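Topology and contacts: notes
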Amino acid sequence: MYYKKLKEFPKDFLWGASTSAYQVEGAYQTDGKGLSVQDLHKSVNGITDFKVASDHYHRYKEDVSLMAKLGMKAYRFSISWSRVIPEGTGAVNEAGLKFYDNLINELLVNNIEPIVTIYHFDLPLKLHENGGWSNRQTIDAYVDYAKLLFERFGDRVKYWLTINEQNVMINHPNAVYPIDSDLPSKKELYQQNHNMFVAAAKVTNLCHSMIKDGKIGPAPNITAIYPASSKPEDIVAADNWENIRCWLYLDMAVYGRYNPFVWNYLEEKGYEPTIYSGDMEIIKSAQTDFLGVNYYATATVSAAKNDGNDCQPRHGDQQVMLGEEGVYRSAENPNLELTKFNWIIDSVGMRTTLRRVSSRYDLPIIITENGLGSEDKLTIDGKVHDDYRIEYFEKHFHQARLALTDGVNLIGYCPWSFEDLVSTHQGYKKRYGFVYINRLENDLKELERIKKDSFYWYQSVIHNNGANI
Ligand code: BG6
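Cut-off values and rules
Residues numbered from 1 in each chain as written. Predicted model: local features only at pLDDT ≥ 70, side-chain atom pairs only at ≥ 80, totals over all residues. Heavy atoms only, no water. Helix = DSSP H or I, 4+ residues; strand = E, 2+ residues; numbered from the N terminus. Buried < 20%, exposed > 50% of the residue type's maximum accessible area, 1.4 Å probe, protein only. Contact = heavy atoms within 4.5 Å. Areas by Shrake-Rupley, 256 points an atom, 1.4 Å probe, with all protein chains shown as cover. Near = heavy atom within 4 Å. Polar contact = N/O pair within 3.5 Å; in protein donor to acceptor, adjacent residues only side chain to side chain. 1 Å grid on protein atoms, 1.4 Å probe; cavity = no way out; pocket = protein on both sides within 12 Å on 5 of 7 lines; lining within 4 Å. Sits in = over half its atoms within 2 Å of the grid points. Nonpolar A, V, L, I, M, F, W, Y, C, P; charged D, E, K, R; others polar. Axes fitted to C-alpha atoms, helices over the stretch in contact; angles between N-to-C directions. Parallel < 35°, antiparallel > 145°, perpendicular 65-115°, else oblique. Left-handed = near helix turned anticlockwise from the far one by under 90°. Salt bridge = Lys/Arg side-chain N within 4 Å of Asp/Glu carboxyl O.

1. Overview of the overall build of the protein
- Scanning the protein from N- to C-terminus turns up 15 helices and 17 strands.
- On the principal axes, the C-alpha backbone points of the protein span a range of 55 × 55 × 45 Å.
- The buried share among the 469 residues of the protein stands at 58%.
- At a minimum sequence separation of 6, the contacts of the protein that also span at least 24 residues come to 76%.
- Surface accessibility of the protein: about 18500 Å² in total, with carbon and sulfur atoms responsible for 50%.

2. Re the site of the ligand
- Every one of the 14 residues lining the ligand counts as a neighbour, but Gln 23, Glu 165, Thr 424, Lys 430 and Tyr 432 are closest to it.
- Residue Thr 424 places a side-chain N or O atom 2.5 Å away from an oxygen atom belonging to the ligand.
- Considering the ligand on its own, with 380 Å² of exposed area, one finds that the protein chains cover 96% of that surface.
- Among the detected pockets, the ligand sits in the largest pocket.
- Here the shell around the ligand is composed, by residue class, of five nonpolar, six polar and three charged.

3. A short note on the packing of helix α10 (residues 232-255) against helix α13 (residues 347-361)
- Look at α10 against α13: their axes get within 11 Å of each other, and the N-to-C directions meet at 40 degrees. Judged on the interaxial angle alone, α13 and α10 are oblique. Remark: the crossing between α10 and α13 carries right-handed chirality. Here α10 contributes Glu 242, Trp 247, Leu 250, Asp 251, Val 254 and Tyr 255 to the contact with α13, which in turn contributes Arg 356, Val 357, Arg 360 and Tyr 361.
- In terms of residue class, the contact of α10 with α13 is built from six nonpolar, no polar and four charged.

4. Things to note about the packing of helix α2 (residues 56-70) against helix α15 (residues 453-463)
- Here α2 crosses α15 at 55 degrees, and the two axes come no closer than 8 Å. Overall, the two elements α2 and α15 adopt an arrangement that is oblique. Listed contacts from α15 to Leu 66, Lys 69 and Leu 70 of α2 are Phe 455, Tyr 458, Gln 459 and Ile 462.
- The residue inventory of the contact of α2 with α15, partitioned by class, reads five nonpolar, one polar and one charged.

5. What to know about the pattern of salt bridges
- Taken as a whole and judged by the stated rule, the model has 29 salt bridges.
- Asp 155 is the partner of Arg 156 in a salt bridge, and the nearest nitrogen-oxygen pair spans 3.1 Å.
- Across the pair Asp 251 and Arg 257 runs a salt bridge whose closest N-O atoms are separated by 3.1 Å.
- Looking at Asp 251, the relative accessible area reads 1%, which means it is buried.
- On the accessibility criterion, Arg 257 (32% relative accessible area) is partly exposed.
- Three or more residues are tied together by salt bridges with common partners; here these are Asp 376, Asp 386, Arg 389, Asp 420, Arg 431 and Lys 452.

Structure follows, in C-alpha cells:
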C-alpha cells in the first residue's frame with residue numbers, strides 16, 4: 001500500500017535499546033551471585049565465555065550516562081535470577097538486588113523507562129540440576145522470584161517481560177544451552193514449554209495484583225514465514241512452521257489456549273505435554289497487556305519431502321537446525337541478502353511480521369530486539385564506522401513507520417543491542433551495539449566504551465522522534 005502521508009511516531013514512543021544480563025554484566029561470581037546454566041560455557045574454539053562479558057556490572061553508571069547521551073527513552077534489560085536468588089529458590093542475595101536497585105534508580109534519574117525481562121536464557125544452575133523446566137517446582141521458583149522483583153522494584157518498574165524467546169529455547173535448544181551433550185527430547189521440551197506457559201501466566205496475574213499500572217507481556221522471537229513458491233503445498237508448509245514457531249506462543253499468551261493446529265501436530269508426533277489440573281484455567285485467566293516482539297529475519301520454507309532430509313543446519317550453522325521431517329523444509333530466498341554471519345536481512349519482513357501479529361492479537365507491540373551482528377573494527381583514530389548498521393536500521397525503522405501507518409499499535413522499539421556484548425554462541429566478535437566495547441574475544445583490554453557512528457545517527461533519530469525515517 002502506498003500512503004500519501006506516513007503517520008508520525010507517537011510523542012511518548014519508547015525509543016530504546018536492549019541487552020540481557022549474562023551477555024553484558026560479567027561479574028559472574030561477584031557479590032554472592034550463584035551460577036546459571038550460561039556460566040557453564042567454556043571458552044572453546046577461541047570463542048569467549050560469559051565471565052566478564054562487557055563488565056556492565058561494574059560500569060553501569062557510565063553505561064547509563066551513555067544511554068542518556070544517546071537520548072534513550074527506554075532500556076530493556078534482564079535480571080539475572082541467580083544474582084538475586086543464587087540457587088534459584090530460597091535464600092535471597094541482597095547485594096544482587098542492590099545492583100538492580102541502583103541500576104533502576106540511575107535509569108529513572110535519567111528519564112529512561114526500565115523494561116525488565118524477568119528471565120533471559122540464564123536459568124540458575126541449581127534449578128537446572130534439579131530438572132530445570134521439566135520439574136514443576138521450577139514454576140514455583142519462578143513465581144517466587146518474580147514476586148521478589150515485583151516487591152522490590154514494582155514501585156518503579158512498570159513494564160515487565162515474562163520470558164525471553166521461549167520459542168527459541170524450545171525450537172533451537174542447542175543455540176542457547178551450553179550443555180549440548182544431553183539435550184532434552186522434543187517430548188520433554190514441549191513439557192518444559194507447557195510448564196513455562198503456566199509459570200508466565202501465574203506471574204502475569206501476580207504482576208497485576210501487585211503492581212499499580214504494571215504492564216506485562218511475553219517476548220518471543222516472531223517472524224513471518226514465507227512459502228518458497230505459490231505452490232499450495234509450500235503455502236501449507238509455511239503455515240505449519242508459522243503456527244509451530246510463532247502463533248503457539250502468542251496464542252497462549254493472548255487467548256490462553258493451545259493453537260488447535262499445533263496441538264494436533266503435538267499429538268501426531270507424540271510430543272503432547274501432560275496438562276495438570278487447573279493449568280489451562282490459570283493460563284486462560286492471565287491478561288497480557290502488550291507483546292514484546294524480537295525480530296531478526298524471516299524464514300522461507302517449502303513442502304516437506306519426508307525423505308529423511310527435511311531437517312538441515314541453517315546456512316552451515318550446526319547450532320540452529322531448520323526443517324522438520326514431514327512438516328516443512330527450509331528453503332532459500334533469492335530476494336534477500338545475508339549478513340556476514342549468514343543471517344537473513346529483511347526489513348520489509350518486519351513490517352509483514354508486525355502486521356500479522358497486530359491483526360491476530362490487536363495489542364500494543366514493543367519491538368524488544370532487532371539488530372545487525374557484525375565484526376566491527378576500531379580505526380586507529382578510535383572510531384567505528386558502522387555505516388552498514390546505520391543502513392540496516394534506516395530500513396528497519398522505516399518499515400516500522402510503515403507498519404505504524406498500516407495501523408499497528410507500535411509503542412516502542414528497542415534494538416539489540418545498546419552496547420557490544422557476548423553473542424549467544426558466536427562470541428564477542430559478533431557485535432551488535434551502538435557502543436563499541438574495546439575488548440576482543442580473549443583479550444579484555446581496557447573495556448573502554450566508544451560511540452560508534454550508529455550511536456550518533458540513532459541519537460539524531462531519537463531527537464527528531466523518527467520524523468526523517
Ligand atoms: C536473540 C536473543 O535470540 O538474539 C539474544 O534474545 C541474542 O540473547 C540475539 O543475543 C542475537 O543472537 P546471537 O546468537 O547473534 O547472539
